[in-house]
Amino acid sequence: MTFSGQQTSFENSIPDSRYSVAEAGDWLSGYAGPTWNFSWVRKSNIFLDRLENMAKPNLTPEQYNHWTAVARFFKGFEYARLVSVFGDVPYFEKEIPAADFDTQYKDRTNRGEVMDHVYDDFVFVLQNMRNDDGVNVLNKYVAASFISRLMLFEGSWQKYHGLDQAKAKKYLELAQSAAEIVMNSGKFSFGSDFKSLFSSQDLNSNKEVILYRKYDASVNVFHAIGSYQNGIEAQAAAPNLKLIKEFICVDGKPFASSTVENASDFPWQI
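Here is what the cut-offs are and how they apply
- Each chain carries its own residue numbering, running from 1 in the direction its sequence is written.
- Reporting in this predicted model follows two pLDDT cut-offs: at least 70 for local features of residues, and 80 or more for side-chain atom pairs to be given and counted; totals over whole chains, interfaces and linings ignore these cut-offs and use all residues.
- Where side-chain values are given, they derive from all heavy atoms of the structure, hydrogens and water being excluded.
- Comment: elements are numbered from the N terminus, with helices defined as DSSP H or I runs of at least four residues and strands as E runs of at least two.
- Polar contact is defined as a pair of N or O atoms within 3.5 Å, subject to the rule that within protein one atom must be able to donate a hydrogen and the other to accept it, and that residues adjacent in sequence are counted only when both atoms are side-chain atoms.
- The contact definition used throughout considers only heavy atoms, calling two residues in contact when any of these lie within 4.5 Å.
- Two kinds of site are reported from a 1 Å grid over the protein atoms alone, namely cavities, where a 1.4 Å probe fits but cannot get out, and pockets, open sets with protein on both sides within 12 Å along at least five of seven lines, and residues are called lining when an atom falls within 4 Å of a point.
- Grid points are joined across faces, edges and corners, and a volume is the space filled by probe spheres set on the points.
- Every axis corresponds to a line fitted to the C-alpha atoms, with the helix fit spanning only the stretch in contact, and the corresponding angles, defined between N-to-C directions, vary from 0 to 180 degrees.
- Geometric relationships in this document are graded by angle, where less than 35 degrees denotes roughly parallel, more than 145 denotes roughly antiparallel, 65 to 115 denotes roughly perpendicular, and other angles denote oblique.
- In a left-handed crossing the near helix is turned counterclockwise from the far helix by less than a right angle, and in a right-handed crossing that turn is clockwise.
- For this scheme, ten residues count as nonpolar: Ala, Val, Leu, Ile, Met, Phe, Trp, Tyr, Cys and Pro. Four count as charged, namely Asp, Glu, Lys and Arg, and the remainder, Gly too, count as polar.
- The predictor's confidence in any single residue is recorded as pLDDT, a number from 0 to 100.
- To form a nonpolar core, buried Ala, Val, Leu, Ile, Met, Phe, Trp, Tyr and Cys residues must be joined to one another through side-chain atoms within 4.5 Å.
- Partly exposed residues are those whose accessible area sits between 20% and 50% of the maximum for their type, while under 20% is buried and over 50% is exposed, using a 1.4 Å probe and protein chains only.
- Aromatic pairs are defined between Phe, Tyr and Trp rings, using the six-membered ring for Trp, whenever the two ring centres lie within 6.5 Å; interplanar angles under 30 degrees are classed as stacked, those over 60 as edge-to-face, and all others as tilted.
- Counting as a charge over the ring demands two things of the Lys NZ or Arg CZ atom: a distance within 6 Å of the ring centre and an angle within 35 degrees of the ring normal.

**Side note on the side chain of R130**
Residue placement: R130 occurs in the loop between α4 (111–128) and α5 (140–160). A distance of 2.8 Å separates a polar atom in the side chain of R130 from a polar atom in the side chain of E62. Beyond its immediate chain neighbours, meaning those up to four positions away, R130 contacts E62, Q63, H66, W67, N139 and K140.

What follows is the structure in structure tokens.
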């Protein structure tokens with residue numbers, strides 16, 4: 001987020017607008033979140049409407065609950081991201097007709113009310129989404145990992161800004177419960193080396209990975225393998241070997257005179 005010179009990630013004046021009409025995932029790097037864009041909220045509301053009013057007679061209760069959980073996950077996910085950037089945002093319970101401008105331009109909804117809706121969505125997701133719906137596809141463990149992250153953020157926000165402590169407790173407890181779903185499943189564990197995790201072309205067998213993007217040249221999905229994730233590309237502003245050598249060892253001596261084992265061993269130096 002920070003580097004030498006002028007900080008491009010920090011705004012010095014209030015912007016005229018932060019809206020976007022693109023359906024792609026527009027990103028505000030300075031806030032680590034989305035632009036003012038409700039297209040994915042609308043998609044989720046349309047999904048929920050079609051499930052209820054068109055598809056439900058043709059689905060089993062399990063299928064209906066699972067796909068409702070999928071739609072509610074994406075709606076809660078998007079609202080949690082919008083709230084993290086903008087605070088209060090208008091909450092749309094259902095699909096809004098294109099000509100209903102009064103509803104489209106209604107006032108913002110209080111942040112706490114929005115996140116209570118998100119909380120209810122996420123509880124439903126954890127209770128109804130399938131544990132497994134195929135390889136590298138959204139399932140309960142993928143959803144739970146995101147839910148844990150998003151609820152941790154909002155719970156911490158409420159707690160450490162001295163706001164609603166009851167909400168903070170509720171959100172943080174859900175963050176813990178969601179994390180425990182992943183942890184207690186026995187499906188995932190830590191242990192991969194950095195390159196195996198971030199530079200592998202196939203992660204099906206890696207137990208540290210919950211969801212990933214598979215790169216495949218045959219369908220023109222590529223990744224810059226020589227990127228910072230691979231550990232071999234120089235960065236504009238980063239610690240270098242000279243800086244590392246300035247640190248003293250645990251015996252209080254510089255590496256050149258230290259008696260600590262392997263004090264002079266810098267395997268990455270060229």
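**Here we look at the layout of surface pockets**
Each pocket or cavity is described by its volume, and for the second largest pocket that value is around 590 Å³. What lines the second largest pocket is a set of 22 residues, and nearest its centre among them are W36, F38, S39, F92 and Q104. With four residues, the single largest contributor to the lining of the second largest pocket is helix α1 (residues 39–55).

**Here's the deal with the packing of helix α2 (residues 61–86) against α4**
Orientation of α2 relative to α4, taken along the N-to-C sense of each, is 150°, at an axis distance of 8 Å. Taken together, the axes of α2 and α4 lie roughly antiparallel to each other. Taken as a pair, α2 and α4 cross one another with a handedness that is left-handed. Among the residues making up the contact of α2 with α4, the classes are represented as 12 nonpolar, six polar and five charged.

**Some words on the environment of N128**
Inspection of the secondary structure assignment puts N128 in helix α4. Sequence spacing of N128 and D88 is 40 residues, and the spatial spacing of their C-alpha atoms is 28 Å. Not counting the four nearest positions on each side in its chain, N128 is found in contact with N65, H66 and A69. Of the polar contacts made by the side chain of N128, one reaches the backbone oxygen of F124; its length is 2.9 Å.

**Concerning the confidence of the model for the chain**
On average, the chain scores 88 in pLDDT, and the residues at 70 or more come to 91%. The secondary structure element of the chain with the lowest average pLDDT is helix α7 (residues 194–198), at 76, and the one with the highest is α4, at 98.

**Details of the nonpolar core**
Of all hydrophobic cores here, the largest spans 38 residues; its most connected members are F73, Y79, I147 and M151. Residue assignment for this core shows that the elements contributing at least two residues are α2, α4, α5 and α6 (165–184). Sort the elements by how many residues they give to this core and α2 lands first, with 10 residues. The residues touching F73, leaving out its near neighbours within four places in the chain, are F122, V125, M129, L138, A143, F146 and I147.

**Side note on the environment of D121**
Here D121 is to be found in helix α4. Spatially, the C-alpha atoms of D121 and F77 are 9.3 Å apart, while their sequence positions differ by 44 residues. Residue contacts for D121: discarding those within four places in its chain leaves R72, K75, G76 and Y91.

**With respect to the packing of aromatic side chains**
For the coordinates displayed, the defined rule picks out 14 aromatic pairs. Judged by centre distance (5.4 Å) and plane angle (65°), the rings of F73 and F74 are edge-to-face. A relative accessible area of 36% means that F74 is categorised as partly exposed. One residue, K56, lies across the ring of Y64, its end atom 4.7 Å from the ring centre.

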